[in-house]
Amino acid sequence: DAGVTQSPTHLIKTRGQQVTLRCSPKSGHDTVSWYQQALGQGPQFIFQYYEEEERQRGNFPDRFSGHQFPNYSSELNVNALLLGDSALYLCASSRDHEGSPLHFGNGTRLTVT
Amino acid sequence: LAKTTQPISMDSYEGQEVNITCSHNNIATNDYITWYQQFPSQGPRFIIQGYKTKVTNEVASLFIPADRKSSTLSLPRVSLSDTAVYYCLVGDRNYGQNFVFGPGTRLSVLP
């Protein structure tokens, strides 16, 4: 049973460019959340998708957008990259059921130069 | 928003039991308490979750007093491979904006 998979594992972009990160949730999960983790800090919530809609959003600018597909997989898009966007981007999936914990992928390491 | 407080770091030796306590004074009635473990360059890994009293699984135990204002993660007989950052979270993961990671507890297990 595959867990949460993310691609690519590493990515280097230039300031001002756009990037798309991808996530496949754990089998049986229908909810996908995205987190940004800067070096030495805890993950920060970006947004959550359920039934192909953005259900919750954290304190991130509109440059961060996402999408969820009918098969529950998800994409995170970041436009107009800034140096400060360099981080580990984590995808987490869960079932829309009380008490169902988050299962995380190993993330995409984004470096903006 | 349920805020958690846990020690920034802890040291232990191989074979010892480690207890990490988390304070969450304003936990809401519907909030669960969840602990995650994270190794460098990996995503957090779910350890254990509870609502009240005691929960035990194959890797850890979680003790929650009646008032639920704190919780203690207990790791029996730690090994070097348990060196990691441990996060305590309270909330409903279906309301991600309220499911807030703090800085965690950096556990170092020494030989």
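Computed from a predicted model, the values in this text were never measured in an experiment.

Outline the sheet that holds strand 1 (residues 9-13) of chain B, listing residues and values.
All names here are of chain B. One open sheet accounts for 5 strands, arranged 1-9-8-3-4; its pairing is mixed. Strands with a single pairing partner mark the edges of an open sheet, and in this sheet they are strand 1 and strand 4 (45-50). Direction aside, the axes of adjacent strands within the sheet are offset by 25° on average. Here strand 8 (residues 84-91) pairs with strand 9 (residues 105-110) via 3 bridges, running antiparallel. From the neighbouring strand, Tyr-86 faces strand 9, where its bridge partner is Thr-105.

Account for the side chain of A:Thr20, with residues named and values stated.
Residue and element names in this part refer to chain A. For Thr-20, the position within the fold is in strand 3 (residues 19-24). At a separation of 3.0 Å, a polar atom in the side chain of Thr-20 contacts the side chain of Gln-18. Side chain to side chain, Thr-20 and Asn-77 meet in a polar contact 2.6 Å long. Discounting residues that sit within four places of it in the chain, Thr-20 has contacts with Glu-75, Leu-76 and Asn-77.

How would you explain the sheet that holds strand 7 (residues 64-68) of chain A if you had to name every residue and give the values?
Residues and elements named next belong to chain A. Read across the sheet, 4 strands follow the order 1-3-8-7 without closing on themselves; strand pairing throughout is antiparallel. On the outer flanks of this sheet lie strand 1 (5-7) and strand 7, each paired with one strand and no other. Neighbouring strand axes in the sheet, compared pairwise and without regard to direction, differ in orientation by 20° on average. Examined bridge by bridge, strand 1 and strand 3 share 3 bridges and lie antiparallel to one another. Its bridge partner being in strand 3, Thr-5 is matched across the sheet by Ser-24.

Pulling in residues and values, what's your account of the layout of surface pockets?
Taken as a whole, the largest pocket encloses approximately 370 Å³ of empty space. Lining the largest pocket we find 24 residues, and of these A:Gln37, A:Gly40, B:Pro40, B:Val85 and B:Arg106 sit closest to its centre. Listing elements by their share of the lining of the largest pocket, those giving two or more residues are strand 8 and strand 9 of chain B. For the lining of the largest pocket, a count of residues per class yields 11 nonpolar, 11 polar and 2 charged. Considered as a void within the structure, the second largest pocket measures approximately 200 Å³ in volume. In terms of lining residues, the second largest pocket is bounded by 13 residues, among which A:His103, A:Phe104, B:Pro44, B:Arg45 and B:Phe46 are the most central. Those elements that place two or more of their residues in the lining of the second largest pocket are strand 10 (103-104) of chain A together with strand 4 of chain B. Of the residues in the lining of the second largest pocket, the class split is 5 nonpolar, 6 polar and 2 charged.

Basis of the calculations
- Residues numbered from 1 in each chain as written.
- Chains lettered and ligands numbered in written order.
- Predicted model: local features only at pLDDT ≥ 70, side-chain atom pairs only at ≥ 80, totals over all residues.
- Heavy atoms only, no water.
- Pairing = 2+ DSSP bridges.
- Helix = DSSP H or I, 4+ residues; strand = E, 2+ residues; numbered from the N terminus.
- Axes fitted to C-alpha atoms, helices over the stretch in contact; angles between N-to-C directions.
- Polar contact = N/O pair within 3.5 Å; in protein donor to acceptor, adjacent residues only side chain to side chain.
- Contact = heavy atoms within 4.5 Å.
- 1 Å grid on protein atoms, 1.4 Å probe; cavity = no way out; pocket = protein on both sides within 12 Å on 5 of 7 lines; lining within 4 Å.
- Points joined across faces, edges and corners; volume = space filled by probe spheres on them.
- Nonpolar A, V, L, I, M, F, W, Y, C, P; charged D, E, K, R; others polar.

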